[in-house]
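Coordinate inspection notes
Here is what each chain is made of, one letter per residue.
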Amino acid sequence: MLKLGFASKLSKETNLFYKNIVVEVLQREGWFSFLEEPRSLEDIANKFDYTDKDYLKEILDALLSDDTITFKEDRYKTNGAIDIVDVKPQIFNESIMDYSRGYAKSIPERLRGKYHLVTTGYNLFNMDDALSLQMYKTMRRSAFAFGNVVNLKGKFLDIGCGNGIGTADIWTLYFENNYFNHHKQIEIYGIDVNSDMLKIAEEEFPLKIKNILSLSNEAIKQYEGKFPKLKEGTAIEIPFEDNYFDIVYISQVLHWTDPRKAIKEMYRVVKPGGIVFGTSILRPMANEYLHVNMKTVQGAHGFFTKKEMKTWIKEAGFKEMSFSTPLTIFKLVK
Ligand SMILES: C[S@@+](CC[C@H](N)C(=O)[O-])C[C@H]1O[C@@H](n2cnc3c(N)ncnc32)[C@H](O)[C@@H]1O
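Residues numbered from 1 in each chain as written. Predicted model: local features only at pLDDT ≥ 70, side-chain atom pairs only at ≥ 80, totals over all residues.

1. Some details on helix α10 (residues 195–213)
Taking 1.5 Å as the rise per residue, α10 with 19 residues should run 27 Å; its terminal C-alpha atoms sit 27 Å apart, in good agreement. Where α10 bends most, the angle comes to about 60 degrees, and this point is Glu204, followed within four residues by the proline Pro206. Residues of α10 that are buried: Met197, Leu198, Ile200, Ala201, Phe205, Lys208 and Ile209. (Helix = DSSP H or I, 4+ residues; strand = E, 2+ residues; numbered from the N terminus. Expected span 1.5 Å × (residues − 1). Bend = angle between axes of the 7 residues up to and from the residue. Buried ≥ 20, exposed ≤ 12 C-beta atoms within 10 Å, placed from the backbone.)

Structure, rendered in structure tokens:
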């Protein structure tokens, strides 16, 4: 399970990092000098030619959540000097910081109605590198421990498999449990909306498992037929028929898409009695500035609460659900 200390460290440093990159962009736009006088949402929209007022309200809510600004009689106002501290969270690398800054820089455009596509919103090399971070590994491992899926067999789908680093982890976990040699059968599939990420996943899969398992190239070649089958597809339109999978896994993807639709889709493709499990950082633990960043991507819902998630899970028809905190891991049974 995820340790509380890890989660709290993660939240303190990363919260400050995400706040700073957003506040820096808004300061450059001229927000905080404008907000030295009390202003309504309309005043702000008119001053900066912002067209998306719902998104503007979400940014103002983020700034209110930590008292960076105040709200009185329908007017927003700065709450003292704006401090921008350059912070590098220990659990981050340059890549994740770089692509996060890229998202933050696009906030003004997004306020004027221009989105990123999920496939073009992040620099591929940064995302590839970021996914090797220990924090993603910890999340995956925790989800596997909680999902207790290593005793199951059948068809396994990894949704939003990215560069396949997690898929390789999954594959090796089953490999170590003798799945590819004995009667216990597992067939691993992966989908991602980004075909370039899938290309990396495909090409580097042998190298990834070689690094984890320390096997020779010849030994790895023997298992080629058992490698994951990768396909382009989205969580809200999974390119497989109904009741196709025994196990469906989704880690750190729901907030990038429409989570309600994705939960419904996962219900559709998993067999009755089958399992859906994964991770998703939920509100209130989720960072409000990261939410604002993420929403520069077209179709991204951003973070949501456990209450909302439970409603969507019930609505989809799942028979059972269980959660583990602090970084939420969930397991659902159809
Ligand atoms: C933070 S990464 C997580 C990758 C992987 N699950 C892991 O834990 O290492 C998010 C991934 O989700 C993919 N993604 C975003 N929106 C998606 C969608 N609607 N359907 C499928 N994949 C999506 C991105 O391309 C990216 O590879």
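2. Topic: the nonpolar core
Ranked by internal contacts, the top residues of the largest apolar core, which has 81 residues, are Val22, Phe156, Leu157, Val248 and Met266. Residue contributions to this core peak at 7 residues, all from helix α1 (residues 4–29). Built from parts of two domains, this core gets at least three residues from each of domain 1 (4–115) and domain 2 (126–333). Among all residues touching Phe156, those that are not within four sequence positions of it are Ile170, Ile186, Glu187, Ile188, Tyr189, Phe245, Asp246, Ile247 and Tyr249. (Core = buried A, V, L, I, M, F, W, Y, C linked by C-beta atoms within 7 Å. Domains from an automatic or database assignment. Contact = placed C-beta atoms within 7 Å.)

3. So, the site of the ligand
In the region of the ligand, 22 residues are neighbours, and Gly160, Gly162, Gly166, Trp256 and Thr257 sit closest. Elements represented by at least two residues in the shell around the ligand include exactly α8 (134–147) and α9 (165–176). When its residues are assigned to classes, the shell around the ligand shows 12 nonpolar, 8 polar and 2 charged. (Near = placed C-beta within 6 Å. Nonpolar A, V, L, I, M, F, W, Y, C, P; charged D, E, K, R; others polar.)

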